[in-house]
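Analysis of the macromolecular model
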Amino acid sequence: MIYDSTNIFARILRGEIPNKTVYDDEHVLAFHDVSPAAPIHVLVIPKGEYSSFDDFAATANALVIAQFFKKVQDIAVLVGADKTGYRLVTNHGADAAQSVAHFHIHILAGKPLGSLLAEGA
Ligand code: AMP
């Protein structure tokens, strides 16, 4: 997947669209999902141009990958998601219904989240 810098998260990173920031540093931005699927629904994105998890894992430097996932855990604690449990979700491509082509991790928490998928196989 070729990175398209007109995607909505790239526009958030450029400051063209507002967001409800949870955490911001040189490498990572976390913000509330505009359409929350759980009481806590935070998106964590790297500031680098990666179109999906698949692209990130395949092309990013190993240290960048490790530091990003450590930061996801820090942010889960920051928003209190660790207290009763949380789910991480990342979608890659059409079958996963990825709708924004900038790699992001969903942190979902704040209620019992039920089974993994709404529909069976
Ligand atoms: P995905 O379907 O995994 O690509 O997830 C994209 C997510 O981005 C969805 O949960 C959307 O609700 C969320 N989203 C889209 N636009 C915005 C926005 N401007 N601010 C915050 N979240 C957004």
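Each remark here, short or long, concerns the structure printed above.
This text gives an overview of the structure that appears in the document. (Residues numbered from 1 in each chain as written. Predicted model: local features only at pLDDT ≥ 70, side-chain atom pairs only at ≥ 80, totals over all residues. Heavy atoms only, no water.)

**Concerning the pattern of salt bridges**
- Counted according to the given criterion, the structure contains five salt bridges.
- Between Arg-11 and Glu-16 there is a salt bridge; the shortest N-O distance is 3.2 Å.
- With a relative accessible area of 44%, Glu-16 lands in the partly exposed category.
- Across the pair Arg-14 and Glu-16 runs a salt bridge whose closest N-O atoms are separated by 2.8 Å.
- Each of the salt bridges in this network shares a partner with another, and the network as a whole consists of Arg-11, Arg-14 and Glu-16. (Salt bridge = Lys/Arg side-chain N within 4 Å of Asp/Glu carboxyl O. Buried < 20%, exposed > 50% of the residue type's maximum accessible area, 1.4 Å probe, protein only.)

**Some thoughts on the environment of Ala-109**
- Its place among the elements puts Ala-109 in strand β5 (residues 105-109).
- Residues Ala-109 and His-41, 68 residues apart in the sequence, show an inter-C-alpha distance of 6.6 Å.
- Apart from residues lying up to four places away in sequence, Ala-109 is in contact with Ala-38, Pro-39, Ile-40, Ala-81, Gly-85 and Tyr-86. (Helix = DSSP H or I, 4+ residues; strand = E, 2+ residues; numbered from the N terminus. Contact = heavy atoms within 4.5 Å.)

**Considering the pairing of strand β2 (residues 28-32)**
- Of all five residues in β2, four are buried; the element is thus mostly enclosed.
- Between strand β1 (residues 21-24) and β2, which follow one another and run antiparallel, lie three residues.
- Sheet topology places β2 next to strand β3 (residues 40-46); five bridges connect them, and they run antiparallel. By the bridge assignment, Phe-31 is partnered in β3 with Leu-43. (Pairing = 2+ DSSP bridges.)

**Remarks on the site of the ligand**
- Close to the ligand lie 16 residues, the nearest being Asp-33, Asn-91, Ser-99, His-104 and His-106.
- Contact between the ligand and Asp-33: an oxygen atom at 2.5 Å from a side-chain N or O atom of the residue.
- When the ligand is considered free in solution it has 510 Å² of accessible area, and contact with the protein chains removes 83% of it.
- Among the secondary structure elements, those contributing two or more residues to the shell around the ligand are α1 (8-13) and β2.
- A total of three residues in the shell around the ligand trace back to one element, the largest contributor, which is α1.
- Considering only residue class, the shell around the ligand consists of eight nonpolar, seven polar and one charged. (Near = heavy atom within 4 Å. Polar contact = N/O pair within 3.5 Å; in protein donor to acceptor, adjacent residues only side chain to side chain. Areas by Shrake-Rupley, 256 points an atom, 1.4 Å probe, with all protein chains shown as cover. Nonpolar A, V, L, I, M, F, W, Y, C, P; charged D, E, K, R; others polar.)

**Some words on the side chain of His-106**
- Looking at the secondary structure, you find His-106 in strand β5.
- Residue His-106 is classed as buried on the basis of its relative accessible area, which comes to 12%.
- A polar side-chain atom of His-106 sits 2.8 Å from a polar atom in the side chain of His-41.
- Excluding anything up to four places from it in sequence, His-106 contacts Asp-33, His-41, Val-42, Leu-43, Arg-87, Leu-88, Val-89 and Asn-91.

**Side note on the side chain of His-102**
- Residue placement: His-102 occurs in the loop between β4 (86-89) and β5.
- The exposure class assigned to His-102 is buried, which follows from its relative accessible area of 0%.
- Among the polar contacts made by the side chain of His-102, one reaches the main-chain carbonyl oxygen of Pro-46 at a distance of 2.8 Å.
- Sequence-distant contacts of His-102, defined by excluding residues within four places in its chain, comprise Tyr-3, Asn-7, Phe-9, Leu-13, Ile-45, Pro-46, Gly-48, Tyr-50 and Ser-51.

These results come straight from atomic positions and should not be treated as a statement about function.
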